[in-house]
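Architecture at a glance
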Amino acid sequence: MCVAGVLTAHSLPPRQALGSLCSPWAAPRVGPLPPAPAMVRISKPKTFQAYLDDCHRRYSCAHCRAHLANHDDLISKSFQGSQGRAYLFNSVVNVGCGPAEERVLLTGLHAVADIHCENCKTTLGWKYEQAFESSQKYKEGKYIIELNHMIKDNGWD
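The model shown is predicted, which means the values in this text are computed figures rather than measured ones.

Topic: the overall build of the protein
Helix and strand counts for the protein stand at one helix and 11 strands. Along the protein, helices and strands appear, N-terminal first, in the series β-β-α-β-β-β-β-β-β-β-β-β. Expressed as a percentage of its 157 residues, the buried residues of the protein come to 32%. Considering only residue pairs separated by 6 or more positions, the protein has 44% of its internal contacts joining residues 24 or more positions apart. With an accessible surface of roughly 10,100 Å², the protein has 55% of that area assigned to carbon and sulfur atoms.

The following block contains the structure:
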């Protein structure tokens, strides 16, 4: 049906309605659609931002297997997270950081920022931004990842 000079799908015969809504004079489309031009091809995105070396033992996200840290960057296994045991790392990869906030933890007042997996967005733990007690200063710039959010990956025989 045409209303005020506007062409609608109801005004075309059923065969033409599917391939020619953009132009009433185009021939009906038969067969599969042609491939998209090269500049609009959809490619699968890279899974991780960074990949850790295959020859080292590493820790990965338990939810999506994104690499998180090398075993060489592990500082301590005797930390407590909000949901159980946690490890302290010197550096991590594939992790995003939220805004810093002050929290009273088991070892005193700290400024911390929650960290999440950049791939699956799961909250993994936190980053120590600032420690207010001199005995805790070694934690500044370090990362806590809770055990229930990571797995041992590659070379753990």
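Description of the sheet that holds strand E9 (residues 123-131)
Sheet architecture is open: six strands sit in the order E5-E6-E10-E9-E8-E7, paired in antiparallel fashion. Looking at the sheet topology across the chains shown, the edges are occupied by strand E5 (74-81) and strand E7 (95-105). Neighbour-to-neighbour, the strand axes of this sheet turn through a mean angle of 30°, independent of strand direction. Looking at chain direction, E5 and strand E6 (residues 84-89) are connected through five bridges and run antiparallel. Note that in E6 the partner of Gln 80 across the bridge is Arg 85.

Looking at the sheet that holds strand E11 (residues 150-153)
Strands sit in the order E4-E3-E11 across an open sheet of three strands; the sheet is antiparallel. If you trace the sheet from one side to the other, it starts and ends with strand E4 (67-70) and E11, each paired once. Looking at each pair of strands side by side, their axes are set apart by 30° on average, direction ignored. Sheet analysis places strand E3 (residues 58-61) next to E11, joined by four bridges and oriented antiparallel. By the bridge assignment, Tyr 59 is partnered in E11 with Lys 152.

Regarding the nonpolar core
Across soluble globular proteins, nonpolar side chains have a tendency to be buried as a group. Ranked by size, the top nonpolar core spans 16 residues in total, and within it Cys 61, Phe 89, Leu 124, Ile 145 and Met 150 carry the most contacts. For this core, the secondary structure elements donating two or more residues are E3, E4, E6, strand E8 (108-117) and strand E10 (143-146). Once you skip the residues sitting within four places of it in the chain, Cys 61 turns out to touch Ala 66, Leu 68, Cys 117, Cys 120, Leu 124, His 149, Met 150 and Ile 151. With seven residues, the next largest nonpolar core counts Leu 88, Trp 126, Tyr 128 and Ile 144 among its residues.

What about the pairing of E9?
Successive residues of a regular strand alternate their side chains across the two faces of the sheet. Note: E8 against E9, seven bridges, orientation antiparallel. Residue pairing in the sheet places Ile 115 in a bridge with Gly 125 of E9. Between E8 and the antiparallel strand that follows it, E9, lie five residues; Lys 121 among them carries a positive phi value of about 70°. With three bridges joining them, E9 and E10 adopt antiparallel strand pairing. Residue pairing for E10: Lys 127 is matched across the bridge by Tyr 143.

Overview of unusual backbone geometry
In the Ramachandran plot, Arg 65 falls in the positive-phi region, its phi being about 70° despite a non-glycine side chain. Mapped onto the elements of the fold, Arg 65 is located in the loop between E3 and E4.

A short note on the environment of Gly 141
Take Gly 141: it is sitting in the loop between E9 and E10. Judged by its relative accessible area of 32%, Gly 141 falls in the partly exposed class. Taking C-alpha positions, Gly 141 is 6.5 Å from Lys 127, a pair spaced 14 residues apart along the chain. Other than its neighbours up to four places away in sequence, Gly 141 contacts Asn 90, Lys 127 and Tyr 128.

Cut-offs used in this document
- Residues numbered from 1 in each chain as written.
- Predicted model: local features only at pLDDT ≥ 70, side-chain atom pairs only at ≥ 80, totals over all residues.
- Heavy atoms only, no water.
- Helix = DSSP H or I, 4+ residues; strand = E, 2+ residues; numbered from the N terminus.
- Buried < 20%, exposed > 50% of the residue type's maximum accessible area, 1.4 Å probe, protein only.
- Contact = heavy atoms within 4.5 Å.
- Areas by Shrake-Rupley, 256 points an atom, 1.4 Å probe, with all protein chains shown as cover.
- Pairing = 2+ DSSP bridges.
- Axes fitted to C-alpha atoms, helices over the stretch in contact; angles between N-to-C directions.
- Core = buried A, V, L, I, M, F, W, Y, C linked by side-chain atoms within 4.5 Å.

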